[in-house]
Amino acid sequence: HAYDLSHNPGVSGMLGIFRALPILCFAAFGGVLADSLDRRRTVIKTKILFTAISALLAVLTLTGRISIPWIYGLMALSALTNSLDNPAQRALVFGLLPKAILPQAISFNLMTFQFACILGPALAGLLYAAKGPAWVYGADAFSFLFVIVALVRLHFRPVRPPKAKPGLKALKEGLGFLMARPILWNFMIIDFVATLSASLQYQIPFFANDILHAGPRGSGLLNSAIA
């Protein structure tokens, strides 16, 4: 959408910056907060905020008020919300199932996530080509409603809250735990490099439209190819 509005690969590429900066700055604090708050309620609130962001993008697009600054700002807000949603959602699994079957549950969760990463962009590309970006934003907002209902109905076993209160001390303890385990630290470095490199996906519309002449459908398929 940003590329369609600007026809400038630099403008769409900047989306990677507006997504990465909030995550780099606040992800660690998001993990600390996720450990100290009610995880299910936290995830419900973040999903509601994601719904509102997508709905606002749909309304702005339909009314013709959408602009690049709006897209940048809402992208940054979405990334900031994700800094709290991601650790809370991942930790939520441990309050759902017995420890004995956690490995299978985590593997299944990752498998369904990757499947969604393949199917979602392809469907988005088809819908964008057929109806335009407002419909994609609307469909995204609508899809979150199912997640919110599922979370509300979830039978959750509360995990005992940590003794440490959220703050710099808790953050320092978390970093100390991480640094004492090199295998975790190395995994995080690999994941950071992969995430940083994935920002190249914001150039996909340029390649799909101007080089491959494949349009939104091709852009969706190229995004699916990443997963």
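It should be noted that the structure appears before, not after, this text.
Residues numbered from 1 in each chain as written. Predicted model: local features only at pLDDT ≥ 70, side-chain atom pairs only at ≥ 80, totals over all residues. Heavy atoms only, no water.

> Report on the packing of helix H3 (residues 39-62) against helix H4 (residues 68-92), specifying residues and quantitative values.
At a closest axis distance of 9 Å, the pairing of H3 and H4 adopts a crossing angle of 160°. The orientation of H3 with respect to H4, classified from their angle, is roughly antiparallel. The chirality of how H3 crosses H4 is left-handed. A breakdown of the residues in the contact of H3 with H4 according to their chemical character gives 15 nonpolar, six polar and four charged. (Axes fitted to C-alpha atoms, helices over the stretch in contact; angles between N-to-C directions. Helix = DSSP H or I, 4+ residues; strand = E, 2+ residues; numbered from the N terminus. Parallel < 35°, antiparallel > 145°, perpendicular 65-115°, else oblique. Left-handed = near helix turned anticlockwise from the far one by under 90°. Nonpolar A, V, L, I, M, F, W, Y, C, P; charged D, E, K, R; others polar.)

> Can you break down the environment of Phe 18 residue by residue, with the values?
Here Phe 18 shows up in helix H2 (residues 9-36). Among the residues examined, Phe 18 registers a relative accessible area of 27% and is labelled partly exposed. Sequence separation between Phe 18 and Gly 73 is 55 residues; the distance between their C-alpha atoms is 7.7 Å. (Buried < 20%, exposed > 50% of the residue type's maximum accessible area, 1.4 Å probe, protein only.)

> So what's going on with the packing of aromatic side chains? Residues and values would help.
What the rule picks out here adds up to five aromatic pairs. Taken together, a centroid distance of 5.6 Å and an interplanar angle of 15° make the contact between Phe 50 and Phe 144 stacked. Taken together, the residues span a long stretch of sequence, with Phe 50 in helix H3 and Phe 144 in helix H6 (residues 133-152) at a distance of 94 residues. Ring geometry for Phe 206 versus Phe 207: centroids 5.4 Å apart, planes at 70°, classification edge-to-face. Here Phe 206 falls in the partly exposed class, since its relative accessible area comes to 23%. Ring pairing ties together the aromatic residues Tyr 3, Phe 206 and Phe 207, which thus form one cluster. (Phe/Tyr/Trp six-rings, centres within 6.5 Å; stacked < 30°, edge-to-face > 60°.)

> If you had to explain the nonpolar core to someone new, which residues and values would you point to?
One broad trend across soluble globular proteins is that nonpolar side chains are buried collectively. Within the largest apolar cluster, 14 residues are counted, with the highest numbers of intra-cluster contacts made by Leu 15, Leu 57 and Ile 71. Counting residues per element, the ones that place at least two in this core are H2, H3 and H4. If near-sequence neighbours (up to four positions away) are discounted, Leu 15 is found in contact with Ala 2, Ile 71, Tyr 72, Met 75 and Tyr 202. Among the nonpolar cores identified, the runner-up in size contains seven residues, and Ala 88, Leu 92, Ile 148 and Leu 151 belong to it. (Core = buried A, V, L, I, M, F, W, Y, C linked by side-chain atoms within 4.5 Å. Contact = heavy atoms within 4.5 Å.)

> Quick one: what's the story with helix H5 (residues 102-131), residue by residue and with numbers?
With 30 residues, H5 extends 41 Å from end C-alpha to end C-alpha; this agrees with the ideal 44 Å at 1.5 Å per step. Taken together, the buried positions of H5 are Leu 102, Ala 105, Ala 122, Gly 125 and Tyr 128. Buried residues in H5 make contact with helix H1 (2-6), H6 and helix H10 (215-226). (Expected span 1.5 Å × (residues − 1).)

> Lay out the pattern of salt bridges in plain terms, naming residues and giving numbers.
Using the criterion set out here, one finds one salt bridge in the structure. For Lys 47, the salt bridge goes to Asp 85, with nearest N and O atoms at 3.2 Å. With Lys 47 in helix H3 and Asp 85 in helix H4, this residue pair connects regions lying 38 residues apart in the sequence. Grouping residues by exposure puts Lys 47 and Asp 85 together as buried. (Salt bridge = Lys/Arg side-chain N within 4 Å of Asp/Glu carboxyl O.)

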